[in-house]
Amino acid sequence: MNLFKLISSRRGQATTEVVLLFPIFFILTLFIVKIYGLLVIVQKTEIASFYAAKRWQLESHRATKYADGWDNTFLKKDIEKKVLDYIGFNNAATRKFLSLRKVELDIERTSVWNNVVLKVNTYPPNIPFLCSYDIRQVCKRPYGAACERGYNFICNKGGTIEVIKAVPNRDRPISFRLPMSKAK
């Protein structure tokens, strides 16, 4: 009971301190959310590229009449549409939050392997808290080139996230080995 009286009899926090701390809390929250958005777009790109590669592997054709017709006109466009929707390009709020510029799906056919390439171009997140300083001040010794690339990505140029998935044709005539792996 004495503890309750002690707490209830104390005066409240000064309004000035709360007003001064709120903007700092708000800026830090926005910074963390923007950085989290970058992590989200990387994960979404990986998942979308896996979906595109697996669907292309299972539904594409090797016969020329289907490969030039149905695969390029319908299948690729349908996969692109679903990838764009999953990444969030069709939703204005998600596109703005993730700083999406352009999403490209390219499929390179070879005789045995198909390379499914998904590229996601982003605008710079432009976090005012970080971008208000000069690059020379932020990236001086010992940080160097990696710091400059990160600063340019966040404040100036944005970047491209590219994921390449190699999938075999359904009827592969040679042993199953990824083209990027070394021969033994």
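Residues numbered from 1 in each chain as written. Predicted model: local features only at pLDDT ≥ 70, side-chain atom pairs only at ≥ 80, totals over all residues. Heavy atoms only, no water.

1. Things to note about the pattern of salt bridges
Piece 1. Evaluated as defined, the whole model comprises 7 salt bridges.
Piece 2. Ionic pairing is found between Lys102 and Glu104, a salt bridge with its closest N-O pair at 3.1 Å.
Piece 3. The exposure class of Glu104 is partly exposed, given its relative accessible area of 31%.
Piece 4. One network of salt bridges, with partners in common, ties together Arg55, Glu59, Asp78 and Lys82. (Salt bridge = Lys/Arg side-chain N within 4 Å of Asp/Glu carboxyl O. Buried < 20%, exposed > 50% of the residue type's maximum accessible area, 1.4 Å probe, protein only.)

2. Notes on the packing of aromatic side chains
Piece 1. With the rule as written, the count across this model stands at 1 aromatic pair.
Piece 2. Their ring planes at 25° and their centres at 6.1 Å tell us that Phe22 and Phe26 sit as a pair that is stacked. In this pair, Phe22 and Phe26 are both assigned in helix 2 (residues 15-59), 4 residues apart and thus about one turn of the helix distant.
Piece 3. In this structure, Lys44 is placed above the aromatic ring of Tyr86, and the distance from its NZ or CZ to the ring centre is 4.8 Å.
Piece 4. Taking the ring centre of Phe89 as reference, the NZ or CZ of Arg95 above it sits at 5.5 Å. (Phe/Tyr/Trp six-rings, centres within 6.5 Å; stacked < 30°, edge-to-face > 60°. Helix = DSSP H or I, 4+ residues; strand = E, 2+ residues; numbered from the N terminus. Lys NZ or Arg CZ within 6 Å of the ring centre and 35° of its normal.)

3. Comments concerning helix 7 (residues 145-156)
Piece 1. Restricting attention to buried positions, one finds in helix 7 the residues Cys147, Tyr151, Ile154 and Cys155. All buried residues of helix 7 project into a common sector of 80° when viewed along the axis, lining one side. Projecting away from the buried face of helix 7 at angles above 90 degrees are the exposed residues Ala146 and Arg149.
Piece 2. Lining the buried residues of helix 7 we find helix 5 (128-131) and helix 6 (135-138). (Arc of directions from axis to C-beta. Contact = heavy atoms within 4.5 Å.)

4. A few points about unusual backbone geometry
Piece 1. Residue Pro142 is reached from Arg141 by a cis peptide bond, and omega for that bond is 10°.
Piece 2. Structurally, Pro142 is set in the loop between helix 6 and helix 7.
Piece 3. One non-glycine residue with positive phi stands out, namely Ser99, at about 60°.
Piece 4. Within the element layout of this structure, Ser99 appears in the loop between helix 4 (92-97) and strand 1 (100-109).
Piece 5. The buried category is assigned to Ser99, whose relative accessible area is 8%.

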